[in-house]
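Chain and residue survey
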Amino acid sequence: MADVEVEIRVNGQPRRASVEPRRTLADFLREQCGLTGTHLGCEHGVCGACTVLVDGDAVRSCLVFAVQAEGAEVTTIEGIGAPDELSPVQAAFRDHHGLQCGFCTPGFVVSVTAFLRDHPNPTDDEIRDGLSGNLCRCTGYQGILAAVRAAAAGAQATTG
Amino acid sequence: MKPAPFDYHVPESVDDAVGLLASLGDTAKLLAGGQSLVPMLALRLAVFEHLVDLRRVEELRGIERRNGSLWVGAGTRQAVIEASDEVRAAAPLLAQATPLIGHFQIRNRGTVGGSLAHADSAAEYPAVALTLDAELEAQSPRGRRTIPATEFFTGVWSTALDEDELLLGVLLPVWEGRCGFAIEELARRHGDFALAGATVAVELDCDDRVARCAIGLLGLDSVPRRGSAAETAAVGRAIHELDPQEIGRAAVAELDNVPADLHAPADYRRRVGAEMVSRAWTRAVEEAGRG
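Remember, predicted model here, so these are calculated numbers, not experimental data.

Parameters at a glance
- Residues numbered from 1 in each chain as written.
- Chains lettered and ligands numbered in written order.
- Predicted model: local features only at pLDDT ≥ 70, side-chain atom pairs only at ≥ 80, totals over all residues.
- Heavy atoms only, no water.
- Helix = DSSP H or I, 4+ residues; strand = E, 2+ residues; numbered from the N terminus.
- Contact = heavy atoms within 4.5 Å.
- Phe/Tyr/Trp six-rings, centres within 6.5 Å; stacked < 30°, edge-to-face > 60°.
- Buried < 20%, exposed > 50% of the residue type's maximum accessible area, 1.4 Å probe, protein only.
- Lys NZ or Arg CZ within 6 Å of the ring centre and 35° of its normal.
- Pairing = 2+ DSSP bridges.
- Axes fitted to C-alpha atoms, helices over the stretch in contact; angles between N-to-C directions.
- Disulfide = S-S within 2.5 Å.
- Domains from an automatic or database assignment.
- Salt bridge = Lys/Arg side-chain N within 4 Å of Asp/Glu carboxyl O.
- Polar contact = N/O pair within 3.5 Å; in protein donor to acceptor, adjacent residues only side chain to side chain.

A separate point is the side chain of Ser140 of chain B. Within the fold, Ser140 of chain B resides in strand E6 (residues 135–140). The contact partners of Ser140 of chain B, leaving out residues within four places of it in the chain, are Val18, Asp164 and Glu165 of chain B.

See the structure below:
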């Protein structure tokens, strides 16, 4: 079972490593890159906690092998915002009680960032649909819904 | 939740992919979008010594008209299908079914060929292919062949594809004229596999009679099914004479292998199936009537 050399750009930085083919992109990000903001919940594509952007598309990084991302541009939660510089989506989650324990939050924030880019003026139904691939077990979804509404409205106001 | 070790292959062409399958035998599996295969590997429901990744095989991607059909390359991602004007115009049923697959993050990776070859009887694309009398193109070391959708789905997660055969694309006949299409399904949560669902394609003649129709059933057997008895009963009849509830009951009457599990007993699934047919029929006929 031969290891494979991969080079993946992660948050703008080229990362090169020799990986087992069975290593998921999620494990590559956490263990090879030390980017532990990408969380692993179910590890079989149900919970959405591990969502990252691959070439701009939100995907479950537990359902992508690192070898499949060879040559791709990956954006993790660390590439979206920083503790002293929250992204608009992160700020909206903080302001509207969109998180409690925070475990699922990176996946939500990445998914919502991609969703709002593609649906800048979403209806509530579209927001619910856009959130359906991420599970939260403690905050409750109403605060998250309010955060997405506020982030969308804020972006509309800015671009006006 | 880690897959067992495997060797990884990335062919650049269909010929190379088929060659790899032929030389590696049944220890190899094709990897398309991986949205069904990778969970099965993670849960170790499936173990393969070799994965043959199709991501570099450009010939498997694309959406184009070919004679009276729409060809969709097996490697075309569901998100691309969802955004395609060509699909909306030429295969409205495929367009309507796509947003019901999983979640947008899944559709960013999942492919039409992967869904058809995985052949889950509760999935949307197999039912759409069966409803539209699609043809599936495949290649093996013995050459290329075309498999009618009616012969493609052979059992639980099983198809007519040989172990060294690669699905190239699907040809969906384009329905012209006064047509309507609808898909309805009941899932406990959005994005889950449906407990039961139905697809309907209907064409009306200028006197509002059913010129032809097709009813697909998903989640109601180990394979996607057609409601053939209901189709036969409806053809030639004026639409105002047809009771959608009756069509729903007729469509599920012949089913003899309705799944039962902790989510729903067989009898409930059958009744949901009849209702989904009824709703899909009503919507499809309304749309056809506007044409």
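Back to the text.
What the rule picks out here adds up to 5 aromatic pairs over all chains. With a centroid separation of 5.0 Å and an interplanar angle of 65°, the aromatic rings of Phe65 of chain A and Phe6 of chain B are classed as edge-to-face. In this pair, Phe65 of chain A is assigned in the loop between strand E4 (57–60) and strand E5 (73–75) and Phe6 of chain B in the segment before strand E1 (7–9), connecting two distinct chains. Both residues of the pair, Phe65 of chain A and Phe6 of chain B, belong to the buried class. Above the plane of the ring of Trp71 of chain B lies Arg66 of chain B, whose end atom (NZ or CZ) is 4.2 Å from the centre. Geometry around Trp175 of chain B places Arg212 of chain B over its ring, the cationic atom sitting 3.8 Å from the centre.

With that settled, the discussion passes to the sheet that holds strand E3 (residues 51–54) of chain A. Residue and element names in this part refer to chain A. The 5 strands are arranged E2-E1-E5-E3-E4 in an open sheet whose pairing can be described as mixed. At either margin of the open sheet sits one strand with a lone partner, and together these are strand E2 (13–19) and E4. This sheet shows a mean twist of 40° between the axes of neighbouring strands, independent of strand direction. Bridge count for E3 against E4 is 4 bridges, and the pairing is antiparallel. The residue of E4 that forms the bridge with Leu53 is Ala58. Those strands touched by helix H1 (residues 25–32) are strand E1 (4–10), E2, E3 and E5, and its axis lies near 105° from that of E2. Running at roughly 40° to E3, helix H3 (residues 105–118) makes contact with E3 and E4 of the sheet.

Tallying each qualifying case throughout the model produces 0 disulfides over all chains. In this structure Cys33 of chain A is not part of a disulfide, and its nearest cysteine sulfur, from Cys50 of chain A, lies 15 Å away.

Turning our eyes to something else, we now look at the domain arrangement of chain B. Residue and element names in this part refer to chain B. Here the domain parsing of chain B yields domain 1 (61–173) and domain 2 (178–290). With 24 residues of domain 1 in contact, the opposing surface of domain 2 contributes 24 residues. Linking domain 1 with domain 2 are 1 salt bridge, by the criterion used here. With its nearest N and O atoms 3.2 Å apart, the salt bridge here joins Asp133 to Arg226. Summed over the shared surface of domain 1 and domain 2, the number is 6 residue pairs in polar contact (both at pLDDT 80 or more). Secondary structure elements with two or more residues in the side of domain 1 that touches domain 2: helix H5 (92–97), helix H8 (124–131) and strand E8 (153–155). In terms of residue count, H8 provides more of the side of domain 1 that touches domain 2 than any other element does, 6 residues in total.

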